[in-house]
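Letter by letter, the chains look like this.
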Amino acid sequence: MTQLAKSSAEELLCVAESLTGEARVGMVFRAVGVPGVEVRLTALRRYPPRPETRRRGPLAEVALVGSGAGRIGSKELLVSVPGR
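Calculation criteria
Residues numbered from 1 in each chain as written. Predicted model: local features only at pLDDT ≥ 70, side-chain atom pairs only at ≥ 80, totals over all residues. Heavy atoms only, no water. Helix = DSSP H or I, 4+ residues; strand = E, 2+ residues; numbered from the N terminus. Areas by Shrake-Rupley, 256 points an atom, 1.4 Å probe, with all protein chains shown as cover. Core = buried A, V, L, I, M, F, W, Y, C linked by side-chain atoms within 4.5 Å. Buried < 20%, exposed > 50% of the residue type's maximum accessible area, 1.4 Å probe, protein only. Salt bridge = Lys/Arg side-chain N within 4 Å of Asp/Glu carboxyl O. Contact = heavy atoms within 4.5 Å. Pairing = 2+ DSSP bridges.

(A) A look at the overall build of the protein. Helix and strand content of the protein: zero helices and six strands. Each helix and strand of the protein, placed in order from N terminus to C terminus, yields the pattern β-β-β-β-β-β. Summing over all exposed atoms, the protein offers an accessible surface of approximately 5,400 Å²; the carbon and sulfur share of this is 52%.

(B) Representation of the nonpolar core within the structure. Val39, Val62, Leu64 and Ile72 are the most contacted members of the largest nonpolar core, which totals 17 residues. Broken down by secondary-structure element, the contributors of at least two residues to this core are strand E2 (11-16), strand E3 (28-31), strand E4 (38-46) and strand E5 (60-67).

(C) The pattern of salt bridges, seen in detail. All chains considered together, the criterion is met by one salt bridge. Between Glu61 and Arg45 there is a salt bridge; the shortest N-O distance is 3.6 Å. Of this pair, Glu61 sits in strand E5 while Arg45 is found in strand E4, placing the two residues 16 residues apart along the sequence. Look at Arg45 and you get partly exposed, because its relative accessible area is 46%.

(D) Main features of unusual backbone geometry. In this structure, Lys75 is a non-glycine residue whose phi angle is positive, near 70°. Residue placement: Lys75 occurs in the loop between E5 and strand E6 (78-80). A residue is classified by how much of its surface remains accessible, and Lys75, at 61% relative accessible area, is exposed.

(E) Highlighting the environment of Gly70. With respect to the secondary-structure elements, Gly70 resides in the loop between E5 and E6. Leave out the neighbours within four places in its chain, and Gly70 touches Ser7, Ser8 and Ala9.

(F) Representation of the environment of Val34. Relative to the elements of secondary structure, Val34 occurs in the loop between E3 and E4. Residues Val34 and Glu76 lie 42 residues apart in sequence; the distance between their C-alpha atoms is 8.9 Å. The residues contacting Val34, other than those within four sequence positions of it, are Arg71 and Glu76.

(G) Spotlight on the pairing of E4. As paired elements, E3 and E4 share three bridges and run antiparallel to each other. From the neighbouring strand, Arg30 faces E4, where its bridge partner is Glu38. The turn joining E3 and E4, which pair antiparallel and follow one another in sequence, is formed by six residues; a positive phi near 85° is taken by Gly33.

Below is the structure:
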């Protein structure tokens, strides 16, 4: 995550710098290295690719809701929770 736009105890709006795999609304994620944080992806708005820049740049604006969302910091790595 990068560019935190809004953060509260249970909600986080931010820009994801890179997404790997297929991210979709409803998926559950946990923060690597931050125990007890589990959030659900509630909104996803992908940015179109910009060929004029070599930098990968932000790929999507995301909304995450759930326990510990406010403890997720910028540059945090989130991984999906299989089967949730």
